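# Observations on the three-dimensional arrangement
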Amino acid sequence: LGLLESAGSRPDLDGRSDHDPEPLRSEERERLLHIGPYGRQLIAAHPNTARDRLRELARDENEDVRKAVAHNPNVPMDQMWALAAEFPEAVLENPARDAWVLEHPNFLRDAHPEGLQAVLELGGAPIRWIQRGARHQNPLVRRAVASNPSAPEDLIISLLGDEDDSVRRAAKRHPSAPDHLVRILERGRSEPVQKVFAQVFALQVSEEQPESLTPS
């Protein structure tokens, strides 16, 4: 019982837990690995599990094991984004989420596009992520922002003038898209009209000039 309690302990969103988990000893870890998916899930959830082990478990055949890796605060960044496409909610609920931004200011720009797309389509995505996603170089990521129900009106307006047609279409369907602007764009479908609109309403903040990193 003590082993299972230790292996299953997780920190809260501030990185704290009711009691600091003890590291799994090698013989305990091997025993858990051989008792089936539940044992592997416990190891995948344990915040002291080594990153190399988490990489192995990220390829586990069991869905619950992979999901536990996505939620683990020690998951390697590249592995987290690889799992984000399958488990975007687990990534958003990861206790280390706010620390990622502080430690890796460009981590959204360097993210796996499919994983970032899945995360930014969720209404619970942090506003800072949504803002940066609206300026991402990949149109699939910008389209995810345009589809996010929590995206603020100013971002949706900027995406109405996006260079990518699929992004513009998604922005037009957003509940926050101003009807009068959508009607204007529907009447002026030519490329010059879209370019002028983009110049007027596009975000002015440069990628090289990051915003405040205060978690939201």
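### Some remarks on the overall build of the protein
What the protein contains, in helices and strands, is 15 helices and zero strands. Considering only contacts in the protein between residues 6 or more positions apart, those separated by 24 or more positions represent 52%. Element-wise, carbon and sulfur atoms account for 48% of the exposed surface of the protein, whose accessible area totals about 11600 Å².

### Brief notes about the packing of aromatic side chains
This model, assessed by the stated rule, comprises four aromatic pairs. Considering the side-chain rings of tryptophan 100 and phenylalanine 107, the 6.4 Å spacing of their centres and the 55° angle between planes classify their relative orientation as tilted.

### Digging into the environment of asparagine 72
By the secondary structure assignment, asparagine 72 is in the loop between α5 (63-71) and α6 (77-84). Using a relative accessible area of 1% as the deciding quantity, one classes asparagine 72 as buried. Along the primary structure asparagine 72 and histidine 46 are separated by 26 residues, whereas in three dimensions their C-alpha atoms are 7.0 Å apart.

### Observations regarding the side chain of glutamine 79
Mapped onto the secondary structure, glutamine 79 falls in helix α6. Overall, glutamine 79 belongs to the buried group, its relative accessible area being 12%. Excluding residues that lie within four positions of it along the chain, glutamine 79 makes contacts with Arg55 and Ala58.

### What about the environment of leucine 120?
Tracing the sequence through the fold places leucine 120 in helix α9 (residues 113-120). Between the alpha carbons of leucine 120 and arginine 143 there is a distance of 9.2 Å; along the sequence they are 23 residues apart. Once residues lying within four places of it in the same chain are set aside, the contact partners of leucine 120 are Ala125, Trp129, Ile130, Gly133, Val141, Ala144, Val145 and Asn148.

### Remarks on the packing of α9 against helix α11 (residues 139-147)
At a closest axis distance of 8 Å, the pairing of α9 and α11 adopts a crossing angle of 5°. Judged by the angle between their axes, α9 and α11 are roughly parallel. Contact residues: Pro113, Leu116, Gln117 and Leu120 in α9; Leu140, Val141, Arg143, Ala144 and Val145 in α11. Split into classes, the residues belonging to the contact of α9 with α11 amount to seven nonpolar, one polar and one charged.

Calculation notes
- Residues numbered from 1 in each chain as written.
- Predicted model: local features only at pLDDT ≥ 70, side-chain atom pairs only at ≥ 80, totals over all residues.
- Heavy atoms only, no water.
- Helix = DSSP H or I, 4+ residues; strand = E, 2+ residues; numbered from the N terminus.
- Contact = heavy atoms within 4.5 Å.
- Areas by Shrake-Rupley, 256 points an atom, 1.4 Å probe, with all protein chains shown as cover.
- Phe/Tyr/Trp six-rings, centres within 6.5 Å; stacked < 30°, edge-to-face > 60°.
- Buried < 20%, exposed > 50% of the residue type's maximum accessible area, 1.4 Å probe, protein only.
- Axes fitted to C-alpha atoms, helices over the stretch in contact; angles between N-to-C directions.
- Parallel < 35°, antiparallel > 145°, perpendicular 65-115°, else oblique.
- Nonpolar A, V, L, I, M, F, W, Y, C, P; charged D, E, K, R; others polar.

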